[in-house]
Amino acid sequence: MWTLSLAIYLGLKWATWWRERSKVAHPKWRSVAYLFAWPGMDAGAFLNSSQNVPAPTQKKWLWAFLETTLGTFLLWVVARSVPNREPLIRGWIGMAGLIFTLHSGSFQIVALVWQQLGVAAQPIMNAPLRATSLGEFWGKRWNLGFRQLAHELIFRPAHRVLGAGLAGFLVFLVSGLIHDLVISLPPRGGFGLPTLYFLIQGTGVLVERSRFGKGIGLTEGVRGWLFMTTCLVAPVFWLFHPWFVMRVVIPFMGAIHAL
C-alpha cells in the first residue's frame, strides 16, 4: 500500500512542479522544498516568493498540536485498549488516529512552519467538520492537496466539454479508482467498494446542487450538515472495507507498535 501510495503521490507531485517551475520566478531552494518538504500540491503558491504571507496565529499552532496529540492518543492508546476479538474496531480507530496525526496534525504543523518562514503553504485540511454541505466538504475543506490537483488536471479540462456537474462527477470517479488501487489491490479484496463510495459522494453533490436539493436546503445549515454527514458516514465501510483493515491496517499498526 505504501509503495503504491508513494509512487502515485511522487508522480503527481513532480507533475505539479513541472507545470509551474517556469511560470513562477523563484529561488531554487523553493523547488527542492516543495518536492521534498511539503506534502501539498499547490506548486504555484508555494514557489511564488513575491507573496506577503502573515505569520500564523497562536490559535492555529495550538489546534495543530492538539489534533496531533488526539491522533497519537487514538492510535497508540485507544486502539490498543480495544479487545483482540474486535480487530475491525481496532483498525478503524487506528485509521482515525492516523488521519488526525498526519493530515490534520503533523501536516498542518508543517504548513504553519512554512507560513512562519513566509511561504504560502495552505494546510491540507481546512476544518472539515465545519462544512455544512457535501460540496463544501470535498471542495474546500478535505485533503486540499488532492483537490488542487484534481481541479487542475481533471475538472478544468473536462468542464469545457461536460459542464460543471459532470466534470465534478468525473473527479469523484477518478478519485474512487485511485483509492481502489491503493486500498483494494494490496489486500487483494474489496475491489470496487472504494470507487462505489466516491460515486455516492459525487451523486450526493449533484443532488444537493440540483433544484430539488437547493429547494429543501441541502447546501447549508443543519439540513446541509445532516445530508453531508449521512453521505460521508453511512457508506464509509465500503471505503475502508474489512479486507483493507484486516490485511493492511492491522499489520501496519503492529509494525509501528500501536498494538
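As shown above, the structure is provided for reference.
What counts, and at which threshold
Residues numbered from 1 in each chain as written. Predicted model: local features only at pLDDT ≥ 70, side-chain atom pairs only at ≥ 80, totals over all residues. Heavy atoms only, no water. Core = buried A, V, L, I, M, F, W, Y, C linked by side-chain atoms within 4.5 Å. Buried < 20%, exposed > 50% of the residue type's maximum accessible area, 1.4 Å probe, protein only. Helix = DSSP H or I, 4+ residues; strand = E, 2+ residues; numbered from the N terminus. Contact = heavy atoms within 4.5 Å. Axes fitted to C-alpha atoms, helices over the stretch in contact; angles between N-to-C directions. Parallel < 35°, antiparallel > 145°, perpendicular 65-115°, else oblique. Left-handed = near helix turned anticlockwise from the far one by under 90°. Nonpolar A, V, L, I, M, F, W, Y, C, P; charged D, E, K, R; others polar. Polar contact = N/O pair within 3.5 Å; in protein donor to acceptor, adjacent residues only side chain to side chain.

Caption draft 1: Up close: the nonpolar core. If you look at the biggest cluster of nonpolar residues, it comprises 25 residues, and the most contacted ones within it are Leu-134, Trp-138, Leu-232 and Met-253. Broken down by element, the residue count for this core peaks at six residues, all from helix H13 (residues 242-255). Setting aside chain neighbours within four positions, we find Leu-134 in contact with Gln-201, Gly-204, Val-205, Glu-208, Met-228, Cys-231 and Leu-232. In this structure, Tyr-34, Trp-38, Phe-46 and Ala-111 belong to the second largest nonpolar core, which totals 15 residues.

Caption draft 2: Here's a closer look at the environment of Gly-168. Tracing the backbone shows Gly-168 in helix H8 (residues 164-183). Between the C-alpha atoms of Gly-168 and Gly-135, which are 33 residues apart in sequence, the distance is 9.7 Å.

Caption draft 3: Quick peek at the packing of H8 against helix H9 (residues 193-209). The interhelical angle for the contact between H8 and H9, taken along N-to-C directions, is 160°, at an axis separation of 7 Å. As judged from the angle between their axes, H8 and H9 are roughly antiparallel. The chirality of how H8 crosses H9 is right-handed. Residues Gly-165, Phe-169, Phe-172, Leu-173, Ser-175, Gly-176, Leu-177, His-179, Asp-180 and Ile-183 of H8 lie in contact with H9, whose contacting residues are Leu-193, Pro-194, Thr-195, Phe-198, Leu-199, Gln-201, Gly-202, Thr-203, Val-205 and Leu-206. Here the residues of the contact of H8 with H9 sort into 11 nonpolar, eight polar and one charged.

Caption draft 4: Structural context of the side chain of Gln-115. Inspection of the secondary structure assignment puts Gln-115 in helix H5 (residues 87-116). You can call Gln-115 buried: its relative accessible area is 7%. A distance of 2.8 Å separates a polar side-chain atom of Gln-115 from the backbone oxygen of Ala-121. Here Gln-115 is in contact with Val-53, Pro-54, Ala-55, Pro-56, Ala-121, Gln-122 and Pro-123, once residues within four sequence places are set aside.

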